[in-house]
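Structure at a glance
One letter stands for each residue in the lines below.
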Amino acid sequence: AQSVTQLDSHVSVSEGTPVLLRCNYSSSYSPSLFWYVQHPNKGLQLLLKYTSAATLVKGINGFEAEFKKSETSFHLTKPSAHMSDAAEYFCVVRTAYSGNTPLVFGKGTRLSVIA
Amino acid sequence: NAGVTQTPKFRILKIGQSMTLQCTQDMNHNYMYWYRQDPGMGLKLIYYSVGAGITDKGEVPNGYNVSRSTTEDFPLRLELAAPSQTSVYFCASSDTGANEKLFFGSGTQLSVL
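Report follows, based on the coordinates. Being a predicted model, the structure only gives us computed values, none of them experimental.

Things to note about the overall build of chain A
Helix and strand counts for chain A stand at zero helices and 12 strands. The order of helices and strands in chain A, counted from the N terminus, is β-β-β-β-β-β-β-β-β-β-β-β. Here the C-alpha radius of gyration of chain A, 14 Å, is about what a compact globule of 115 residues would show, namely 13 Å. Projected onto its principal axes, the C-alpha positions of chain A cover 45 × 30 × 20 Å. Relative to its 115 residues, chain A shows a buried fraction of 44%. Surface summary for chain A: the accessible area is close to 5,500 Å², and the carbon and sulfur share equals 51%.

In structure tokens, the structure reads:
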């Protein structure tokens, strides 16, 4: 079975300070991991994905995430928050060995950015 | 470029009514999905399809039905609406199932009263 836990339901940062959104996963096989972002009243958009290549993955809008197998973590970071980063972020896992396995979504972390 | 289009954007139903949520994509994607999003609960998969004529249940299929007669369209049917089906529904598509990103529609907000 596979699952994902987002450790914070809400994170608040000041504009220009670093962002850290935490995610731990559980998977019986080598996982594929994703981060999606959802801006208010919008559908979800892929930020980045890890698929067993480089463990440090760079995404759009300056975000990156590091896959740490020993810690079963895939935390999302950004060096400097911008007001436009305020949104809901979802960590997502899929067991890589089966292409038809649907994605499993975390419960989401709401990021607030204070001016 | 339209991507994934969902209609309607909002709908209010009475208990026991039925309706169909429409979803169409113009990217020639084989895989299509229906998710529901409840506050603080992330997204739950209702049904998915790996190609025209093929559908399969997801995590929370009860109370819903789907069909996939064409590559482009993947409607979701609610036969007897219940308050527990009040949610935001998202349709998504992807080119393949393995490690490909999902393209999401903008969602349908459904209230059952």
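Having put the structure on the table, let's press on.
What to know about the pattern of salt bridges
Residues and elements named next belong to chain A. A complete count under the given rule lists six salt bridges over all chains for this structure. For K58, the salt bridge is made with E64, and the minimal N-O distance between the two is 2.8 Å. A residue is classified by how much of its surface remains accessible, and E64, at 24% relative accessible area, is partly exposed.

A closer look at the packing of aromatic side chains
Scanning all chains against the criterion turns up 15 aromatic pairs over all chains. Both rings, one in A:Y36 and one in B:F104, keep their centres 5.8 Å apart while their planes meet at 80°; by these two values the pair is edge-to-face. Of this pair, A:Y36 sits in strand β5 (residues 31-38) while B:F104 sits in strand β10 (residues 103-104), which puts the two residues in different chains. On the accessibility criterion, A:Y36 (0% relative accessible area) is buried. B:F104 sits in the buried class, given a relative accessible area of 11%. Taking 6.5 Å as the distance between ring centres and 75° as the angle between the ring planes, the aromatic pair formed by A:F90 and A:F105 counts as edge-to-face. Highlighted residues: A:F90 in strand β10 (residues 87-95) and A:F105 in strand β11 (residues 104-105), separated in sequence by 15 residues. With respect to class, A:F90 is no different from A:F105; both count as buried.

As for the state of the cysteines
Residues and elements named next belong to chain A. Considering all chains together, one arrives at two disulfides over all chains under this definition. The disulfide bridge from C23 ends at C91, spanning 2.0 Å between sulfur atoms. Judged by the sign of its S-S torsion, about -70°, the bond between C23 and C91 is left-handed. Taken together, the residues span a long stretch of sequence, with C23 in strand β4 (residues 23-26) and C91 in strand β10 at a distance of 68 residues. Residues C23 and C91 agree in their burial class; the two are buried.

Side note on the interface of chain A and chain B
Counting from both sides, the interface comprises 20 residues of chain A and, opposite them, 21 residues of chain B. Counting each side, the surface lost to burial between chain A and chain B is near 1,600 Å², with a carbon and sulfur contribution of 55%. Viewed at the interface, chain B and chain A are joined by zero salt bridges. Here chain A is connected to chain B by two residue pairs in polar contact (both at pLDDT 80 or more). If you list the elements that add at least two residues to the side of chain A that touches chain B, you get β5, β6 (44-50) and β10 of chain A.

Reading guide: rules and limits
Residues numbered from 1 in each chain as written. Chains lettered and ligands numbered in written order. Predicted model: local features only at pLDDT ≥ 70, side-chain atom pairs only at ≥ 80, totals over all residues. Heavy atoms only, no water. Helix = DSSP H or I, 4+ residues; strand = E, 2+ residues; numbered from the N terminus. Rg over C-alpha atoms; globule rule 2.2 N^0.38 Å. Buried < 20%, exposed > 50% of the residue type's maximum accessible area, 1.4 Å probe, protein only. Areas by Shrake-Rupley, 256 points an atom, 1.4 Å probe, with all protein chains shown as cover. Salt bridge = Lys/Arg side-chain N within 4 Å of Asp/Glu carboxyl O. Phe/Tyr/Trp six-rings, centres within 6.5 Å; stacked < 30°, edge-to-face > 60°. Disulfide = S-S within 2.5 Å. Contact = heavy atoms within 4.5 Å. Buried area = accessible area lost by both parts, 1.4 Å probe. Polar contact = N/O pair within 3.5 Å; in protein donor to acceptor, adjacent residues only side chain to side chain.

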